[in-house]
Amino acid sequence: MDTRLVSVPGRPQFDLVDHHGQPVTIDSYAGQYLLVFFGFTNCAMVCPRALARLTGVLDRLGRDAELIRPLYITVDPERDTPAVMKEFLARTAPTFIGLTGTQGQVDAAKEAFHVFARRKDDPSAPDGYVMPHTAFTYVVDPDGTFAAHFGDAAPDDDIHACLHEFLTASATQ
Amino acid sequence: MSTPTQIAEATRRGVDEMQLGHIKRLQQIADYPPGEWAGMGRAAHQGDDFSGYRFQLAFGAYALALGYRHRLPNAPVMFKSAFSGLVDKLLRADVWMYWKDVSQGGSMFNAHLGRLSEEWDPVARDNIMYSAYLQSTATMFNVLFDDDRYAQPGALSFRFNALFWGHGDKDFSYDQNSLTEVLYWQMVQNGYLGIACEPNCVFQPCNQPAILGFRMHDQLTGGDIADDVVAGYKKAHAEYGHVGENGHYNMLVLEDSKMLVQNAEKYAWVDGWVGAMMNAWNREFVREHYAAQVADVLVEEAGGTLSVVCQAVSIGTDPDTGEEISVDIDADDFGWVAAWVSEMGDEETLAGLLAHADRYMNPTWTDGALMYKRNDTKYDADGHYVRMGPMTGNSLLAYARLNVEDGLWGLYNEPWDRTHFSEPLVVGRSDDVDITTAYFDRDTKQLHLVVSSRGDGPAHIDISNVGEFELDADRGSTRTDRHDDLLRVHLPSGTTAVTLSVPEWTPAS
């Protein structure tokens, strides 16, 4: 699905803590493209799949990918501390920086990105619950505005082409 | 997108006198001066029933869309000004200003929410019972008339000011695209469960037009947000099901507790509303449940007519006595069922319902326009259901009569492609002209019209996209000339069948 045909209203904002324990806002990454995905480290299927394919897309971009900062923002801050996120991403998607914070900080970030997530009891899951969540990937441009977003079913080639197009356009400016 | 090469029988037949009467009634409403709502008055305060102006206007527009798409596809002149007039009226403060009060919540089953903040902007949050109807009709206008007036910045704006109250001017500016964005992202942020009508109340009926509107947006932009929303909506509702334990469509889900409210009482309005609209994107499911659902709500009468079970509506339980509180308001059950039955193509049932309406529900003609006048009495002396509200009388029976089997499904799934707008189209007419047949046969390259001139004076129609042509009329005094890019056909009084051949015509997009 090419959801770029419906743009994302508002401006992306967050005030969180990265997985090194450093406070970060969107201004911390000024001048870079951001590739943003929301999820939680106990996610059984959606997050591992998304992180793996986004990692693959970045790999295909080669050195150009250095101009893109991939961010993974938790919707489950109760469990996803900086240390937990650091360990999880080192294992699954080492190019990503994990972001977490207080529940209020995370809720504000979700609101800014129009992200849905809610706690749902599931006795078969770790700690007895899961966090169904929006599975969009957002692209934020170096000026800090929404540039594109992709649904979970978007082909990898579409995401790659979009990022390549952005980077090419930036290089010619 | 497609343009059917085979011309449907309904299109060949055009519209009859009663269908024409409904079109004229909707044109009458569209032509009312600001603040005039004659024949549209509601029993409930603030549009708190289904005769709220927003519902009358939107379903009136849908009725016009169905009649145009399926019965008179080459006569946009019969529909365009009426359709845009209804959309324009949706923007009037008397239609949407209930929201500043309703946004504060306060229903008995949402008492735990307390008093919510007053919200003037009628589309910013919740209120899908208004926003979806505006978004879907504005985009539908663009789709059907190839006119993007509502896509212009600020074209869908909500303005209000009063001299002595209100704390200043209100001005909330949108267009069809920005409104689509707002609704789409509300849908995403709610996990695709749907968008609430009143706070915390995600009704299944009012989320159907939202899906329809997303599809109209996709037809204009080439996107696929409707498919995205449908996939998410199905997934979000998987734990509830679209129908409840008794096989009837569920009514709503409470947003915070995720509690499902089923249609335990088998209210006909719920089934009719959801069934008529969900058929657009979920046809097999709707048809699978139709027969059993409709059997529960129909009333067979002597003489072959059919009526509908119209129950008092339960609004909760008295906290002191524990007794159920119900109000015997008109929920437009009869009209919703008629609309649903028309979409199902159940012609026998539809004929029975319309025969009942025509026999017992006071069809009223004014200047060629047909409506069923409001009547607050529920049953006549012989026990026939006779109650009539303006939603049914102005809009839903028009919808039922102008629709065809899978009519809304066709709008959703089989839109015209761009070449439709290159066909000869009747785009102008003098005031006293009606067109009751208008279709173009691409195989023979002939436009077929039946045109009636009611007055004694000169009458004409204007046709676009006509190059070299031959005109054949069944009455002798027809003549033609050119006005700008249009072919003007001058007509005698009375009814004339016209065949316009355009042998050099080729489709263009």
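A quick note: this is a predicted structure, and the numbers were derived from the prediction, not measured.

Structural notes on the overall build of chain B
The secondary structure content of chain B amounts to 16 helices and 19 strands. For chain B, whose C-alpha radius of gyration is 23 Å, the value lies close to the compact-globule estimate of 23 Å for 509 residues. Each principal axis of the C-alpha distribution contributes one length, and for chain B these read about 80 × 55 × 50 Å. Counting the 509 residues in chain B, one finds 61% classified as buried. If you sum the accessible surface of chain B, you get close to 19600 Å²; carbon and sulfur atoms cover 48% of it.

Digging into the pairing of strand β15 (residues 459-464) of chain B
Residues and elements named next belong to chain B. Burial of β15 is extensive: 6 of the 6 residues sit out of reach of the surface. Here β15 shows no split at all, with Ala459, Ile461 and Ile463 on one side and His460, Asp462 and Ser464 on the other all buried. When strand β12 (residues 425-429) meets β15, the two strands line up antiparallel, connected through 4 bridges. When the sheet's bridge partners are listed, glycine 428 is paired in β15 with aspartate 462.

Things to note about the interface of chain A and chain B
Facing the 20 residues of chain A at the interface are 17 residues of chain B. Note on chain A versus chain B: buried area summed over both sides is about 1500 Å², and carbon and sulfur give 62% of it. Across the chain A-chain B interface, the total number found is 2 salt bridges. Where B:Glu239 meets A:Arg118, a salt bridge forms, and the shortest distance between an N and an O atom there is 3.3 Å. Across the chain A-chain B interface, the total number found is 5 residue pairs in polar contact (both at pLDDT 80 or more). Among the elements that take part in the side of chain A that touches chain B, helix α3 (residues 103-113) of chain A stands out by supplying 3 residues, more than any other. When grouped by side-chain class, the residues that make up the side of chain A that touches chain B number 10 nonpolar, 5 polar and 5 charged.

Describing the environment of A:Ile68
All names here are of chain A. Position of isoleucine 68 relative to the elements: it lies in strand β4 (residues 68-74). A relative accessible area of 5% means that isoleucine 68 is categorised as buried. When the C-alpha atoms of isoleucine 68 and tyrosine 33 are compared, they prove to be 4.7 Å apart, with 35 residues separating the residues in sequence. Setting aside chain neighbours within four positions, we find isoleucine 68 in contact with Tyr33, Leu35, Leu58, Leu61, Leu163 and Leu167.

Let's talk about the environment of B:Ser395
All names here are of chain B. Of note, serine 395 is situated in helix α15 (residues 390-402). Along the sequence, serine 395 and alanine 38 sit 357 residues apart, while their C-alpha atoms lie 14 Å from each other. A polar side-chain atom of serine 395 sits 2.7 Å from the main-chain carbonyl oxygen of glutamine 56.

Topic: the sheet that holds β12(B)
Think of a sheet as strands paired side by side through backbone hydrogen bonds, with each pair either parallel or antiparallel. Residue and element names in this part refer to chain B. Across the sheet, which stays open at both edges, the 4 strands sit in the order β12-β15-β18-β17 with antiparallel pairing between neighbours. Bordering the open sheet on either side are β12 and β17 (479-483), each of which pairs with just one other strand. Strand-to-strand, the axes of this sheet are offset by a mean angle of 30 degrees, without reference to chain direction. Bridging between β15 and strand β18 (residues 486-491) involves 5 bridges; their strand directions are antiparallel. Within β18, the residue paired with isoleucine 461 across the bridge is valine 489.

So, a nonpolar patch on the surface
Taken together, the side chains of B:Leu163, B:Phe164 and B:Trp165 present a nonpolar region at the surface, about 470 Å² in accessible area. Mapped onto the elements, B:Phe164 comes out in the loop between β1 (156-160) and β2 (170-174).

Brief notes about the side chain of B:Glu181
Within the fold, B:Glu181 resides in helix α8 (residues 176-189). Of the residues examined, B:Glu181 reaches a relative accessible area of 18% and is grouped as buried. Other than its neighbours up to four places away in sequence, B:Glu181 contacts A:Val6 and A:Ser7.

Description of the pattern of salt bridges
Inspection of the entire model under this criterion finds 32 salt bridges over all chains. Measuring nitrogen to oxygen at the nearest pair gives 2.4 Å for the salt bridge that ties A:Asp152 to A:Arg49. In this pair, A:Asp152 is assigned in the loop between β9 (146-150) and α4 (156-172) and A:Arg49 in helix α1 (residues 46-61), connecting sequence segments 103 residues apart. Using a relative accessible area of 28% as the deciding quantity, one classes A:Asp152 as partly exposed. Taking relative accessible area as the criterion, A:Arg49 reaches 39% and is therefore assigned partly exposed. Linked by salt bridges that have partners in common, B:Lys24, B:Arg429, B:Asp434 and B:Arg454 make up one network.

As for helix α9 (residues 208-221) of chain B
Compared with the 20 Å implied by 1.5 Å per residue over 14 residues, the 20 Å span of α9(B) between its first and last C-alpha is a close match. When we look at burial in α9(B), the residues that qualify are B:Gln208, B:Pro209, B:Ala210, B:Ile211, B:Leu212, B:Gly213, B:Phe214, B:Arg215, B:Met216, B:His217, B:Asp218 and B:Gln219.

Some points on the packing of helix α2 (residues 17-31) of chain B against helix α3 (residues 53-70) of chain B
All names here are of chain B. One way to put it is that α2 packs onto α3 with a least axis distance of 10 Å and a crossing angle of 135 degrees. Here α3 runs oblique to α2, going by the angle between their axes. Every pair of crossing elements has a handedness; the one defined by α2 and α3 is left-handed. Note on element contacts: α3 touches α2 through Leu57, Gly60, Ala63 and Leu64, opposite Ile23, Leu26 and Ile29. A per-class count over the contact of α2 with α3 returns 6 nonpolar, 1 polar and no charged.

Rules used throughout
- Residues numbered from 1 in each chain as written.
- Chains lettered and ligands numbered in written order.
- Predicted model: local features only at pLDDT ≥ 70, side-chain atom pairs only at ≥ 80, totals over all residues.
- Heavy atoms only, no water.
- Helix = DSSP H or I, 4+ residues; strand = E, 2+ residues; numbered from the N terminus.
- Rg over C-alpha atoms; globule rule 2.2 N^0.38 Å.
- Buried < 20%, exposed > 50% of the residue type's maximum accessible area, 1.4 Å probe, protein only.
- Areas by Shrake-Rupley, 256 points an atom, 1.4 Å probe, with all protein chains shown as cover.
- Pairing = 2+ DSSP bridges.
- Contact = heavy atoms within 4.5 Å.
- Buried area = accessible area lost by both parts, 1.4 Å probe.
- Salt bridge = Lys/Arg side-chain N within 4 Å of Asp/Glu carboxyl O.
- Polar contact = N/O pair within 3.5 Å; in protein donor to acceptor, adjacent residues only side chain to side chain.
- Nonpolar A, V, L, I, M, F, W, Y, C, P; charged D, E, K, R; others polar.
- Axes fitted to C-alpha atoms, helices over the stretch in contact; angles between N-to-C directions.
- Patch = residues over 30% accessible without salt bridge, like charges linked within 9 Å, V, L, I, M, F, W, Y side chains within 5 Å.
- Expected span 1.5 Å × (residues − 1).
- Parallel < 35°, antiparallel > 145°, perpendicular 65-115°, else oblique.
- Left-handed = near helix turned anticlockwise from the far one by under 90°.

Structural measurements only, silent on function.
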